[in-house]
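Overview (structure and organization)
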Amino acid sequence: MEIVFVASEMAPFAKTGGLADVIGSLPRELVKRGHRVSVFLPKYKNITRKGFPLKQAVKAIEIPVGFETEAGSVWTCPFNGVTVYFVDRADYFDRDELYGTPAGDYPDNDRRFTFFQRLVLEALKRLNLKPDVIHCHDWQTGLIPAYLKTLYRSDSFFKKTKTIFTVHNLSYQGNFPPDSMSLTGLSFDEFRYERLEFYGKVSFIKGGLIYSDLVTTVSERYAKEIQTQEMGCGLEGTLATRKDDLFGVVNGIHSEDWDPARDAEVPVHFNSRDLVGKKACKKALQQENRISQESDRPLFAFIGRLIPQKGIDLVIQVVEDMVAQNWQLVLLGTGLEEYHKALRIFGKRHPKHIGLNITFDLKMAKHIYAGADMLLMPSHFEPCGLGQMIALRYGTVPVVRATGGLYDTIQEFNPKSGKGNGFRFSGYSAKELFETMNQAVDVFRDARLWAKLMRNGMACDCSWRHSAKRYEAWYERTERKPLNV
Ligand code: ADP
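A look at the site of the ligand
In the neighbourhood of the ligand, 20 residues make up the surrounding shell, with G18, R305, K310, T359 and Y369 lying closest. Here K15 contributes a side-chain N or O atom positioned 3.0 Å from an oxygen atom of the ligand. A distance of 2.6 Å separates an oxygen atom of the ligand from a polar atom in the backbone of G18. In the complex, 91% of the free accessible area of the ligand, which totals 560 Å², lies under the protein chains.

Some details on the domain arrangement of the chain
In terms of domains, the chain is made up of domain 1 (2-252 + 465-477) and domain 2 (276-462). Computed over C-alpha atoms, the centres of domain 1 and domain 2 are 32 Å apart. Tallying the contact residues gives 20 residues for domain 1 and 18 residues for domain 2. Between domain 1 and domain 2, roughly 1500 Å² of surface is buried when both sides are summed, and carbon and sulfur atoms account for 60% of that area. At the junction of domain 1 and domain 2, the tally comes to 1 salt bridge.

Re the packing of helix α11 (residues 312-324) against helix α12 (residues 337-349)
Between α11 and α12, the least distance of the axes is 11 Å, while the angle of their chain directions is 20°. Between α11 and α12, the angle falls in the class roughly parallel. Relative to α12, α11 is oriented so that their crossing is left-handed. On α12, the residues that touch I312, D313, I316, V319 and E320 of α11 are Y339, A342, L343, F346 and R349. Residues belonging to the contact of α11 with α12 are distributed by class as follows: 7 nonpolar, no polar and 3 charged.

Procedures and definitions
Note that residues are indexed from 1 along each chain, following the sequence as it is written. Only residues with pLDDT of at least 70 get local features here, since the model is predicted, and only at 80 or more are side-chain atom pairs given and counted; chain-wide, interface and lining totals rely on the full set of residues. Neither water nor hydrogens contribute to the side-chain values; these are computed over all heavy atoms in the structure. One heavy atom within 4 Å of a molecule or strand makes the whole residue count as near it. Counted as a polar contact is a pair of N or O atoms within 3.5 Å, where, for protein atoms, one must be capable of donating a hydrogen and the other of accepting one, and residues adjacent in sequence contribute only when both atoms are in side chains. Method for areas: the Shrake-Rupley scheme with a 1.4 Å probe, in which residue coverage is limited to the protein chains shown. Note that the domain bounds reflect an automated or database-derived domain assignment. The contact rule is simple, with two residues in contact once any of their heavy atoms fall within 4.5 Å. By buried area we mean how much accessible surface two parts lose on assembly, using a 1.4 Å probe and totalling the loss over both. Take a side-chain nitrogen of Lys or Arg and a carboxyl oxygen of Asp or Glu: if they are within 4 Å of each other, that pair is a salt bridge. An axis is simply a line fitted to the C-alpha atoms; with a helix, the fit covers only the stretch in contact. Between two such axes, the angle follows the N-to-C directions and lies from 0 to 180 degrees. The way it works is that DSSP assigns letters per residue, a run of H or I at least four long becomes a helix, a run of E at least two long becomes a strand, and they are numbered from the N terminus. Small angles under 35 degrees read as roughly parallel and large ones over 145 as roughly antiparallel, with 65 to 115 read as roughly perpendicular and the rest as oblique. Left-handed describes a crossing whose near helix is turned anticlockwise from the far helix by less than a right angle; the clockwise case is right-handed. All residues other than Ala, Val, Leu, Ile, Met, Phe, Trp, Tyr, Cys, Pro, Asp, Glu, Lys and Arg, Gly among them, are scored as polar; the first ten of these are nonpolar and the last four charged.

Okay, structure coming up:
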């Protein structure tokens, strides 16, 4: 099949979170399975800076944005069998960040991503790339299914093209003032609650949820959760209209990108048969973070965006208790300034116990996955979560709140039966988190049992093998559907 991915992030070109890992790995797996796969991304500043060998693919394309016509071009670069295309327009994408600065989102995100999406459709025509499927991801690409069902409905170029929309996080919706409708070029008839309107705004994510032929999300549990009022982010009513076309499948990780036996960033390699190197990695991590270097101290880690979703407030609430127990914490992340401030206070107060890295650092992330004993993911909600799967690969035991993909991928370890790959709790409270950390430390104190638990995790198949097959089946079986609202 000819499969086209459209997304706003892809590792190693541009990454702020898990979406980038997915787009950097699923297309490769589909290529392995015999498909032709291309990915369209914006050409952000850092892509040019990193020096990828880009070639121009389309010189100039003019497209309407609002009442004006704007021009952009397309660049390309191969990546492990996948053809990656980059939509270029300097005033939209040649910026330091992808979506905004710490002060807030870029105020013209509606314009930037409208331009991106329309240009992708026109570029496909110029490149004579006729997709069987366009697979869109998150709000930044939600208008593409809407365009194909409206402005491009009778365009013979797309006559066999189906659209699939994957929700990576329902809480990011791309909601903009009604004026944005005129930027999109879509008829105002689409601005009603059955279509793009959402509490008086234009919702780009609704484009994906309503107009695509199939809607998927990144774990089975999250697919159920988002249909409830509690976790539907106001879109549960919209999702109810698509309940027969809504499925969940857990993300995978690329086994070669995350491999403690071969990873260039891992100080001493190890594998499930020989775990000696893991000890050396822990020591190196303690050294790098200037915390005391003792192998028998439980070392917990936290890697992630410092936002309420990730449960960082629970971690902050248990820090003093952790230190009182002589446990250590290495944290890597950036996000809200209030969390940075709180964490810096603890970091200063307990320099031997807490290693703080308030930054985005892919190398440090690998050092942590390799060197920590346990990874904390006490998320308030978690569509899939990749951290816990990466941790499993590196023999780092996940301690998670059982929600979304964390619920689907982590099974409670039972010391008696020796089954399970981590520890989980259900209530969103610091008390439950700390109790669960204590259970984990009890097992940690028994070296033989702990090694068993680490090996259970390392034996889990977190690759794309199963999930890529599910996507392939959806690409084949999904039918082009008329709009039913
Ligand atoms: P989300 O997409 O919500 O941020 P995921 O768990 O799906 O969460 O994916 C997060 C990805 O980003 C993982 O690969 C994780 O290792 C990485 N990551 C998160 N924060 C940082 C950071 N500060 N530095 C390096 N990598 C990070």
